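# Structural overview
Chain by chain, the residues run as shown.
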Amino acid sequence: MLKIDKLTASYSGITALHGVSLTVSKGEMVALIGANGAGKSTLLNCISGIVPSDSGQILFNGQELSGRRPASIARMGLLQVPEGRQILSDLSVYENLQLGQLALGNRSPTWSHEQVVELFPVLGARQNQRAGSLSGGEQQMLAIGRGLMGAPELLLLDEPSLGLAPKIVDQVFSVLTRLNEAGLTILLVEQNARRALQIASRAYVLERGMVVHSGPADVVAADKKVVTYYLGNLADAASQDQPA
Amino acid sequence: MLAQQLFNGLVLGAVYALFALGFNLVFGVHKIMNLAHGAIFMVGAFVGLYSVTLGLPLWAAFLIAMVFTGLLSVMIDFVAFRPLRKTGDAEFAMLIASIGVEMILVNLALRASDARTLRFPFGIVPVEPFFLFGMRITPLQFVIAAVAVLCVTLLAFYLYRTSFGRQVRAVSSNERAAMLLGVEPRMIYLQTFFISGLLAGLAGVLIGLAFNSINFSMGEPYLLRGFVVLILGGLGSLRGAVVAGLALGIIQTLSVAYFPTGLTDIIVYSLLFAVLLVRPNGLFGDAVSDARVARR
Ligand SMILES: Nc1ncnc2c1ncn2[C@@H]1O[C@H](COP(=O)(O)OP(=O)(O)OP(=O)(O)O)[C@@H](O)[C@H]1O
Ligand SMILES: [Mg+2]
């Protein structure tokens, strides 16, 4: 479904991606993990057309994406739930969801407003509220719900667990699992490597703009270096989160 | 007598509001301070006048002037702002670019008009006033009031009740997120600049008719007034632009009527500072633009 080949990208001369290759097949949930500044968001933004690539290829269902405008990529059903949710905070919750439908173009919806509200009841309860007044977890649900309204064929998620309480993280990850089981293809970017590797089927590890590891999620999770650098750190970080 | 002055002030204020609405729309949605707005207003007055001189009926002159200034405003965005936008953080550069555009337009008008003050032919609008609640109302005043109400209503409907308007507010709130949702920002700039220019041109023809005097430098005082309205109403606030525009019109008319001439500007700006002391962000400014805010 998505095939990225030797993609490079840079910010005013400073290279952020050095020839990244990656594939996502229909129905898969693929995790992309890596430390701060590894280039995860840059990769997603290249796919979405927000950051231009320098060389390499991005094929979505066989169609080349480089050079296309972000709006046209979104309308192909390639939707990104960006880092930090990026909800339209001054619009109402309802309006945010309605705007999600814009990406439909002339494709037919796969998720109705009612279905999204059923998945995230809080979005129904607060539909007339200013989206910016939602809590972090609620905003993340809104960002995902808004993506679903656009009938995604492939959903790109950038750190959906960022800044959320553990209980909310559980909730978000279980929704992602359910969505994937229902047939939605997902590319999940996470710093919370442990959790991401638990729910994904395959994984890539990105380091300083390069893929240094890839394979089935359980194999990646068992890799010594991955354990030391990503899972080990996270175990420490998680223990710091616990109340003393 | 006071009622009459208040009404006259409201009519003048309605034009200020139309002028400031366009100015504030572009600022509120795109954070672009377009200092060429006064020049666009002036061009509108000229185009309206030339159309009438060519023998077209007044309504057609209005239409032509508005479409012309709408397109002019879009063109200004293409030539002056769009290239700068690509470079990222360019708010200041755009401000300077807009001054450049202002100078070009004003100097072109200076050449074209030979620096003369031009007038509409006599009798283009009926001057016979009618009387309502003891107030003397000219047909032109009536038209101005009606047009202002119509424009504000249409603009509010467009922003809050249509899908286009929702996209405009989405871009205002977060342009990048809007792009990821499938909003095409180019289309939004096209719409906001067109509407902004159209409102400026409309205000230009109305003022040209009201004072029956059109010259290349007529935009300047209105740009200054536009600033006062912006600051008074709150940057980016469309409600603020309407209320402050009307208030400014009334204050100005009253001070002309009841105070010695020459005091008007002193009164206007003193009041502005007084308001800012109490409400530093203006009457409706909470640093959030109305163009974004959801209607409940
Ligand atoms: N807009 C930008 N301008 C310049 N450099 C940038 C920009 N965005 C990212 N970078 C740089 O590109 C590199 C990759 O950043 P990116 O945001 O893709 O990392 P990331 O893996 O998403 O990190 P994080 O986990 O912190 O979100 C970093 O070195 C970063 O400093
Ligand atoms: Mg990131």
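What counts, and at which threshold
Residues numbered from 1 in each chain as written. Chains lettered and ligands numbered in written order. Predicted model: local features only at pLDDT ≥ 70, side-chain atom pairs only at ≥ 80, totals over all residues. Heavy atoms only, no water. Helix = DSSP H or I, 4+ residues; strand = E, 2+ residues; numbered from the N terminus. Expected span 1.5 Å × (residues − 1). Buried < 20%, exposed > 50% of the residue type's maximum accessible area, 1.4 Å probe, protein only. Contact = heavy atoms within 4.5 Å. Buried area = accessible area lost by both parts, 1.4 Å probe. Salt bridge = Lys/Arg side-chain N within 4 Å of Asp/Glu carboxyl O. Polar contact = N/O pair within 3.5 Å; in protein donor to acceptor, adjacent residues only side chain to side chain. Donors = N, O, S within 2.8 Å, 3.2 Å for Na, K, Ca; no water. 1 Å grid on protein atoms, 1.4 Å probe; cavity = no way out; pocket = protein on both sides within 12 Å on 5 of 7 lines; lining within 4 Å. Points joined across faces, edges and corners; volume = space filled by probe spheres on them. Nonpolar A, V, L, I, M, F, W, Y, C, P; charged D, E, K, R; others polar.

## Some details on helix α6 (residues 136-148) of chain A
Residues that lie three or four places apart on an α-helix share one face, since the helix turns once every 3.6 residues. Residue and element names in this part refer to chain A. The end-to-end C-alpha distance of α6, which contains 13 residues, comes to 19 Å, matching closely the 18 Å that a straight helix rising 1.5 Å per residue would cover. α6 sits mainly inside the fold: twelve of its 13 residues count as buried. Taken together, the buried positions of α6 are occupied by Gly-137, Glu-138, Gln-139, Gln-140, Met-141, Leu-142, Ala-143, Ile-144, Gly-145, Arg-146, Gly-147 and Leu-148. Buried-residue contacts for α6 involve β6 (78-81), α3 (93-100), α4 (113-119), α5 (121-125), β7 (154-158) and α7 (166-181).

## Quick look at the interface of chain B and chain A
How big an interface is tends to be expressed through the accessible area that disappears when the partners come together. The interface is formed by 20 residues belonging to chain B together with 27 residues belonging to chain A. Note on chain B versus chain A: buried area summed over both sides is about 2,200 Å², and carbon and sulfur give 59% of it. Of all residues in chain B, the largest losses of buried area upon contact with chain A belong to Arg-166, Leu-180 and Leu-181 of chain B, amounting jointly to 34% of the total for that side. Counting every contact that joins chain B to chain A gives two salt bridges. At the surface where chain B touches chain A, the tally comes to six residue pairs in polar contact (both at pLDDT 80 or more). Sorting the residues of the side of chain B that touches chain A by element identifies α6 (163-173) and α7 (175-180) of chain B as the ones contributing at least two each. Tallying contributions element by element places α6 of chain B first for the side of chain B that touches chain A, with five residues.

## Side note on the environment of Ala-143 of chain A
Secondary-structure assignment places Ala-143 of chain A in helix α6. Through-space distance from the C-alpha of Ala-143 of chain A to that of Val-30 of chain A is 19 Å; in sequence the pair is 113 residues apart.

## Thoughts on the coordination of the magnesium ion (ligand 2)
Residue and element names in this part refer to chain A. Coordination of the magnesium ion (ligand 2) by the protein is provided by Ser-41 (OG) and Glu-83 (OE), with metal-donor distances spanning 1.9 to 2.1 Å. Placement of Ser-41 in helix α1 (residues 40-48) and of Glu-83 in the loop between β6 and α3 is noted, with a sequence separation of 42 residues between them. Residue Glu-83 is classed as partly exposed on the basis of its relative accessible area, which comes to 32%.

## Here we look at the layout of surface pockets
Each pocket or cavity is described by its volume, and for the largest pocket that value is around 1,200 Å³. Residue lining of the largest pocket: 40 residues in total, with Arg-85, Lys-86, Glu-175, Met-179 and Pro-185 of chain B positioned closest to the centre. Looking at the lining of the largest pocket, the elements with two or more residues in it are α1 and α2 (70-75) of chain A together with α1 (2-30), α3 (58-85), α4 (91-113), α6, α7 and α8 (185-211) of chain B. With five residues, the top contributor of residues to the lining of the largest pocket is α8 of chain B. Here the residues of the lining of the largest pocket sort into 20 nonpolar, seven polar and 13 charged. Forming the walls of the second largest pocket are 28 residues, and the residues nearest its centre are Leu-140, Ile-207, Leu-209, Ala-210 and Phe-211 of chain B.

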